[in-house]
Amino acid sequence: MSENIATADTLEPPQKKVGFVKIAGILGILGGIALIVVGVVVWVAVATQLRAENITVPDDAIAFQGQTVQGPFTAYVQADIIQHHALKASDGKTYAELDKDDPVRATMMNASFLRASLFTSVVSFGVAAFAMGVGILSILFGAALTRLAAVPVVVRRSAVTRA
C-alpha cells in the first residue's frame, strides 16, 4: 500500500498574551480622540478671540480684503500689512534703526507687538491642526493594534500520514 501525505490545519492558542497590545491600542484610540477634541477646542478659542477684536483686513492687503481676522490666513495677512504700513511710516527703518527720540519709534513698537500677537495666533492654529492630525494617526494606529490583538489563534500546518 502506498502512503498518502496530507496536511491539516490546527488552531492553537497564542504563545504569548496579547493583553498589553490590546490595552495599548485602546489607549491609542482614546489618546487620539483627546488630541482631536483639544485641537478643535483650541482652534475655536483662538478664532473666537481673534473675531472678538473686530480686526478687518484693509483694502491694500495682499488677500482677504475687508474680511474679519478670525483664522490663520487672515491673521498672517494682517500681520504682513501691519509691517508694510509701519515701514512706510518710518521710511523703511525698523524699530532698532530709529533714534530713541524719534516719535515714530512708538508706532513701530506697537506694530511689532501687534504682529507678534497675530503670529502667536497663527502658531496656535498650527499647533491645534498638528494635534488633530496626530490624533487621527493615533486612532488609526490604535485601531490597528486592537485588531491585531483580536486575532487570538495561531494556525499551524502539520503533515498527516495516512496508511
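Treat the numbers as computed from the prediction; the structure is a model and nothing was measured.

Caption draft 1: Structural view of the side chain of Arg 105. By secondary structure assignment, the location of Arg 105 is in helix α3 (residues 104–149). Put simply, Arg 105 is tucked away with no salt bridge, and the nearest opposite charge, on Asp 99, sits 7.1 Å away. With residues up to four places along the chain from it excluded, the contact list for Arg 105 reads Tyr 95, Leu 98, Asp 99 and Lys 100.

Caption draft 2: Local environment of a nonpolar patch on the surface. On the surface, Ile 23, Ile 26, Leu 27, Leu 30, Ile 33, Val 37 and Val 41 cluster together into a nonpolar patch covering about 640 Å² of accessible area. Positionally, Leu 27 belongs in helix α1 (residues 19–52). With a relative accessible area of 55%, Leu 27 lands in the exposed category.

Caption draft 3: Fine view of the packing of α1 against α3. Relative orientation of the contacting elements α1 and α3 amounts to 160°, with a least axis distance of 7 Å. By the angle between their axes, α1 is roughly antiparallel relative to α3. Crossing angle aside, the handedness with which α1 passes α3 is left-handed.

Caption draft 4: Expanded view of the nonpolar core. In terms of nonpolar packing, the biggest core is built from 17 residues, with Leu 50, Val 57, Ala 61, Val 69, Ala 75, Leu 118 and Phe 125 touching the most fellow members. For this core, the secondary structure elements donating two or more residues are α1, α2 (72–89) and α3. Ranked by residue count, the leading element in this core is α2, at 6 residues. Those residues in contact with Phe 125, other than ones at most four positions away along the chain, are Trp 43, Val 46, Ala 47, Leu 50, Gln 70, Gly 71 and Pro 72.

Caption draft 5: Focus on the packing of α2 against α3. Following both chains from N to C, one finds α2 and α3 inclined at 165°, their axes separated by 9 Å at the closest point. Here α2 lies roughly antiparallel to α3, going by the angle between them. Regarding α2 and α3, the two cross each other, and that crossing is left-handed. Between α2 and α3, the residues in contact are Pro 72, Ala 75, Tyr 76, Gln 78, Ala 79, Ile 82, Gln 83, Ala 86, Leu 87 and Ala 89 and Val 104, Met 108, Ala 111, Leu 114, Arg 115, Leu 118, Phe 119, Ser 121, Val 122 and Phe 125, respectively. Per-class residue counts for the contact of α2 with α3 are 16 nonpolar, 3 polar and 1 charged.

Caption draft 6: The arrangement of α1 in detail. Taking 1.5 Å of rise per residue, 34 residues should cover 50 Å, and α1 covers 49 Å from first to last C-alpha, within 8% of that figure. Three or more residues of α1 are buried, namely Gly 25, Gly 28, Gly 32, Gly 39, Val 46, Ala 47 and Leu 50. Those residues of α1 that are buried are in contact with α2 and α3. Backbone geometry just after α1 places Asn 54 at a positive phi near 55°.

Calculation rules
- Residues numbered from 1 in each chain as written.
- Predicted model: local features only at pLDDT ≥ 70, side-chain atom pairs only at ≥ 80, totals over all residues.
- Heavy atoms only, no water.
- Helix = DSSP H or I, 4+ residues; strand = E, 2+ residues; numbered from the N terminus.
- Buried < 20%, exposed > 50% of the residue type's maximum accessible area, 1.4 Å probe, protein only.
- Lys, Arg positive; Asp, Glu negative; His and termini not counted.
- Salt bridge = Lys/Arg side-chain N within 4 Å of Asp/Glu carboxyl O.
- Contact = heavy atoms within 4.5 Å.
- Patch = residues over 30% accessible without salt bridge, like charges linked within 9 Å, V, L, I, M, F, W, Y side chains within 5 Å.
- Areas by Shrake-Rupley, 256 points an atom, 1.4 Å probe, with all protein chains shown as cover.
- Axes fitted to C-alpha atoms, helices over the stretch in contact; angles between N-to-C directions.
- Parallel < 35°, antiparallel > 145°, perpendicular 65-115°, else oblique.
- Left-handed = near helix turned anticlockwise from the far one by under 90°.
- Core = buried A, V, L, I, M, F, W, Y, C linked by side-chain atoms within 4.5 Å.
- Nonpolar A, V, L, I, M, F, W, Y, C, P; charged D, E, K, R; others polar.
- Expected span 1.5 Å × (residues − 1).

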